[in-house]
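The primary structure of each chain is shown beneath.
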Amino acid sequence: MRDTANTKSLGNFVWSIAEILRGDFKQSEYGKVILPFVVMRRLDCLLEGSKDAVLAAAQSLPDGIDDSTKDMILFGAIGDKVKVYNLSKFTFETLRGQDPRQLHDNLVDYITKFSGNVRDIFLDKFLFTDQLKRLKDGGILWNVFERVCEIDLHPEAVSNVEMGYLFEDLIRRFSEISNETAGEHFTPREVVRLIVDLLIANDDAKLTGKGIIRQIYDPACGTGGMLAMGEEALTAFNPSIRVELFGQELNPESFGICKSDMLVTGHNPEQIAFGNTLTQDAHKGKRFHYMLSNPPYGVDWKKYQDPIKAEAENMGHDGRFGAGTPRISDGQLLFLQHMISKMRDDEAGSRIGIVMNGSPLFTGGAGSGESEIRRWMLENDWVDAIIALPTDLFYNTGIQTYVWLLTNRKLPNRVGKVQLIDASGERFWKSMRKSLGSKRREITDEARAEIVRLYAEFLNGESGEGDVSKIFLTTDFGYREIRVERPLRLIFQASAERISRLDGDKAFLKLTEEEREELKVALVGMGDEVIRERSAFEKAFAKALKVAGLKIGAPVKKAILSALSERDEGAEICRSADGKPEADTELRDHELVPLSQDRRNYFEREVTPFVPGAWMDESYRDRDGEVGRVGYEINFNRYFYQYVPPRPLEEISAELKQLEAEIAGLLREVSA
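Thresholds, definitions, all that
Residues numbered from 1 in each chain as written. Predicted model: local features only at pLDDT ≥ 70, side-chain atom pairs only at ≥ 80, totals over all residues. Heavy atoms only, no water. Helix = DSSP H or I, 4+ residues; strand = E, 2+ residues; numbered from the N terminus. Rg over C-alpha atoms; globule rule 2.2 N^0.38 Å. Contact = heavy atoms within 4.5 Å. Areas by Shrake-Rupley, 256 points an atom, 1.4 Å probe, with all protein chains shown as cover. Lys, Arg positive; Asp, Glu negative; His and termini not counted. Charge placed at Lys NZ, Arg CZ, Asp CG, Glu CD. 1 Å grid on protein atoms, 1.4 Å probe; cavity = no way out; pocket = protein on both sides within 12 Å on 5 of 7 lines; lining within 4 Å. Points joined across faces, edges and corners; volume = space filled by probe spheres on them. Phe/Tyr/Trp six-rings, centres within 6.5 Å; stacked < 30°, edge-to-face > 60°. Buried < 20%, exposed > 50% of the residue type's maximum accessible area, 1.4 Å probe, protein only. Lys NZ or Arg CZ within 6 Å of the ring centre and 35° of its normal. Salt bridge = Lys/Arg side-chain N within 4 Å of Asp/Glu carboxyl O. Pairing = 2+ DSSP bridges. Axes fitted to C-alpha atoms, helices over the stretch in contact; angles between N-to-C directions. Parallel < 35°, antiparallel > 145°, perpendicular 65-115°, else oblique. Left-handed = near helix turned anticlockwise from the far one by under 90°. Nonpolar A, V, L, I, M, F, W, Y, C, P; charged D, E, K, R; others polar. Core = buried A, V, L, I, M, F, W, Y, C linked by side-chain atoms within 4.5 Å.

The next subject is the overall build of the protein chain. If you tally the helices and strands in the protein chain, you get 28 helices and 17 strands. Taking 2.2 N^0.38 as the reference for a compact globule, 672 residues should give roughly 26 Å; the C-alpha atoms of the protein chain span a radius of gyration of 35 Å, well beyond that estimate. With the principal axes as the frame, the protein chain shows a C-alpha extent of 110 × 80 × 65 Å. Long-range contacts, defined here as pairs at least 24 residues apart, represent 76% of the contacts in the protein chain between residues at least 6 apart. Here the protein chain displays about 32300 Å² of accessible surface, and carbon together with sulfur accounts for 49% of that area. Between the centroid of the 89 positive side chains of the protein chain and the centroid of its 108 negative side chains there is a distance of 2 Å.

Written out as structure tokens, the structure is:
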């Protein structure tokens, strides 16, 4: 269990190092110094007891030994799962006894004597030697080092779980003072715990027994909090289970912390990759049992669009983005498609838990990238449940968020169905005593257990839960968007005002000045009688041109018909050469017909009685060949809206009178 007080006091002490940096470093740079130092201090504490054994083993290594064999021998000398060693003669304790003037060189020696898997983190991701030089030049290196040495990060004092909390607390603080987005780095632990509990809620049989291996993957793993908690939950359920963790992270500092955590907890650090998941899939071809993530919300992918769109267009469903691409301003559904591409096609299958904002639920109409992605997921019956979370849960935003659960191995009673749970109400959260950024609320353990119960028992209004848990068919979220056309009705009049409209038309202005004047004279000669049928006007216009001896091209004729016409419901219907009514594009409308209903019956019931003369555009078709484009959206408000009657007028009036009296009293006090 989390020792909140210990983690908080530890975080406050580490944070005090920032006071030493003030003036020599910008606030936005504090994390570049403190985080690597904390990581290095943790490693020093972990390796302290095995220092002599490792150095002795290094002395006995035969000449010409390859690096992999060397690493295996030295890792073995530690006698633990820790996959890191340091061959420097120094420890933090012995460095304190050295000449302070040599500290910079000694620390560089210490860093470069780490095993390669850690050395690269400090040199390439943290760029820590650059920060050490700045500390030295500023004359504060010894002060910072002394303060770091006072932090006891031995495993007996601080568990791996608490270290995760410490890193996340520090990152949040650094992000807040530098106006960065803390949510890009980590997710509140109670939200992670909820996702993990939901993922394994119905997997009891699959996780029971000996020899069970499960792989967990996070494509935007940050500091590794979701991976660590996923492993913690699985091993708590089955202590003999073997859990393998995989991830990828774009932020170098977060990646460094996550990889360091993998090293000290005995996981394969090579399974945590650095880079952009969407453009450089470091785990291509891999499949995972559990996947969970909190990708960035509303972050555009414009600078990555070329390779992503190329994969979507050239590879189709053989790639990751064959279902479509969302609008350039939000890449959440790209991450979800990426995760779906990594589902296992075996008996165990895969389960996905991902946190997203409301945009992926309903943004984009029929035929849009977002709608096509939703359609793809629902028609393949991968969406298992969606849970609406309370607002004000995250550190960087107070917006509403949702947990999506997907699987390619649904339980029999869930096949073809989707469960929606509205856990945004007051019964599922409590206010925090002190806000952390935008985070003002938290999900209690009791509320988390209740949400998991609603999901696990697949409740659909039973036991009075109809207001928060409902079951739908996958097709309930689908519709056909049919195009409704109404006839074009125009009246024509060769009035001076309408003729003057031609002066702004490009086709008319291409005529010579003489041609324009002759044409205007011919139009004036038609008189200003209102003609309510286009064919009649065209005959009168043709006669006027013949009398004037003028000939015009189609563009000019089109310009004249447009300038001299106006829409009028009392006019005759304009018809094409084959006698069919022409559609008025300005009156064009669309109706969304639920997939469960016949479009013709819907049209006769919902359109014809209210818009006589309207018709359905049979040419407006979906890629399935049927009339109307298919779209999918999931609107929580529609399914869980509860009417709240307005307050009685008498109550509002009484409240206003009370406020007026209070204001009057205050004014009297001011004027006295």
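Attention shifts here to empty space enclosed by the protein. Taking a probe equal in size to a water molecule and rolling it over the atoms shows the remaining empty space. As enumerated under the stated definition, the model contains 7 cavities of 30 Å³ or more in all. Counted as a void, the second largest cavity has a volume near 90 Å³. Around the second largest cavity, the lining residues are V39, R42, L43, N160, M163, F167, I257, S260, D261 and V264. The set of elements that each furnish at least two residues to the lining of the second largest cavity consists of helix 3 (30–47), helix 11 (160–177) and helix 15 (252–264).

A separate point is the packing of aromatic side chains. Scanning the model with the defined rule gives 21 aromatic pairs in all. Summarising the aromatic geometry, the rings of F246 and F288 are spaced 5.1 Å apart at their centres and angled 55 degrees between planes, so their arrangement reads as tilted. With F246 in strand 2 (residues 242–249) and F288 in the loop between strand 3 (272–274) and strand 4 (290–293), the pair connects residues that are 42 residues apart, well separated along the chain. The same class applies to F246 and to F288, which are both buried. An aromatic cluster is defined as three or more aromatic residues linked by ring pairs; in this entry it consists of F37, F92, Y110, F114, F122, F126, F128, W142 and F145. Above the ring of F274, the side-chain terminus of K125 is found at 4.7 Å from the ring centroid. In this arrangement the basic side chain of R441 is found over the ring face of W429, its NZ or CZ atom lying 3.7 Å from the centre.

What follows is about helix 12 (residues 189–199). Counting along an α-helix, one turn takes 3.6 residues, and residues three or four places apart therefore face a common direction. Counting buried residues along helix 12, 11 of its 11 residues qualify, which places the element largely inside the surrounding structure. Three or more residues of helix 12 are buried, namely R189, E190, V191, V192, R193, L194, I195, V196, D197, L198 and L199.

What the rule picks out here adds up to 48 salt bridges. A salt bridge links R375 to E372; the shortest N-O distance between them is 3.4 Å. Of this pair, R375 and E372 both sit in helix 19 (residues 369–379), 3 residues apart, roughly one helical turn. With relative accessibility at 13%, the residue E372 sits in the buried group. Between R453 and E457 there is a salt bridge, with the nearest N and O atoms lying 3.2 Å from each other. Through salt bridges with shared partners, a single ionic network connects E372, R375, E379, D622 and R623.

The next thing to look at is the sheet that holds strand 6 (residues 383–388). Across the sheet, 9 strands lie side by side as 3-2-1-4-5-7-6-8-11; this open sheet has mixed pairing. Only two strands of the sheet have a single partner each, and these edge strands are strand 3 and strand 11 (469–473). The sheet shows a mean angle of 15 degrees between the axes of neighbouring strands, direction not considered. Where strand 5 (residues 351–357) lies against strand 7 (residues 401–407), 7 bridges are found, and the strand directions are antiparallel. By the bridge assignment, I352 is partnered in strand 7 with L406. Packing against the sheet, helix 17 (residues 332–340) makes contact with strand 1 (213–218), strand 4, strand 5 and strand 7, and its axis sits at approximately 180 degrees to strand 5.

Turning next to the packing of helix 4 (residues 51–59) against helix 5 (residues 67–78). Across the interface, helix 4 lies against helix 5 with an axial gap of 8 Å and an inter-helix angle of 150 degrees. As summarised for this structure, helix 4 and helix 5 are arranged roughly antiparallel, according to the angle between their axes. In this structure, helix 4 crosses over helix 5, and the sense of that crossing is right-handed. From helix 4, A53, V54, A57 and A58 reach across to helix 5, where they touch L74, A77 and I78. Of the residues belonging to the contact of helix 4 with helix 5, the class tally is 7 nonpolar, no polar and no charged.

With that out of the way, let us pick up the nonpolar core. The biggest cluster of nonpolar side chains holds 61 residues, and the ones touching the most others in it are F37, M40, F122 and L135. By residue number, the principal contributor to this core is helix 3, which donates 12 residues. Ignoring anything within four residues of it in the chain, the contact list for F122 reads P36, V39, M40, L43, I111, F114, L127 and F128. With 48 residues, the next largest nonpolar core counts L227, C258, L393 and Y455 among its residues.

Turning our eyes to something else, we now look at the packing of helix 12 against helix 14 (residues 225–237). Running from N to C, helix 12 and helix 14 point in directions that differ by 50 degrees, and their axes come no closer than 10 Å. Classified by the angle between their axes, helix 12 and helix 14 sit oblique to one another. Once helix 12 is placed against helix 14, the crossing between them reads as right-handed. Note on element contacts: helix 14 touches helix 12 through G225, M226, M229, G230, E232 and A233, opposite R189, V192, R193, I195 and V196.

What follows deals with the environment of L564. Topologically, L564 is positioned in the loop between helix 25 (554–563) and strand 14 (565–567). The residues touching L564, leaving out its near neighbours within four places in the chain, are I491, F492, Q493, A494, R498, I499, L523 and F537.

This part takes up the pairing of strand 12 (residues 478–485). A large share of strand 12 lies buried, amounting to 8 of its 8 residues. In strand 12, alternate side chains face the same way, and those of G478, R480, I482 and V484 on one face and Y479, E481, R483 and E485 on the other are all buried. Here 4 bridges tie strand 12 to strand 17 (residues 629–632), and the two strands are oriented antiparallel to one another. The residue bridging Y479 from the neighbouring strand is G631, located in strand 17. Note that strand 12 and strand 15 (residues 589–594) share 6 bridges and pair antiparallel. If you follow R480 over to strand 15, its bridge partner there is V593. As judged from the 2 bridges shared by strand 12 and strand 16 (residues 615–616), these two strands associate in the antiparallel manner. What sits directly across from E485, in strand 16, is W615.

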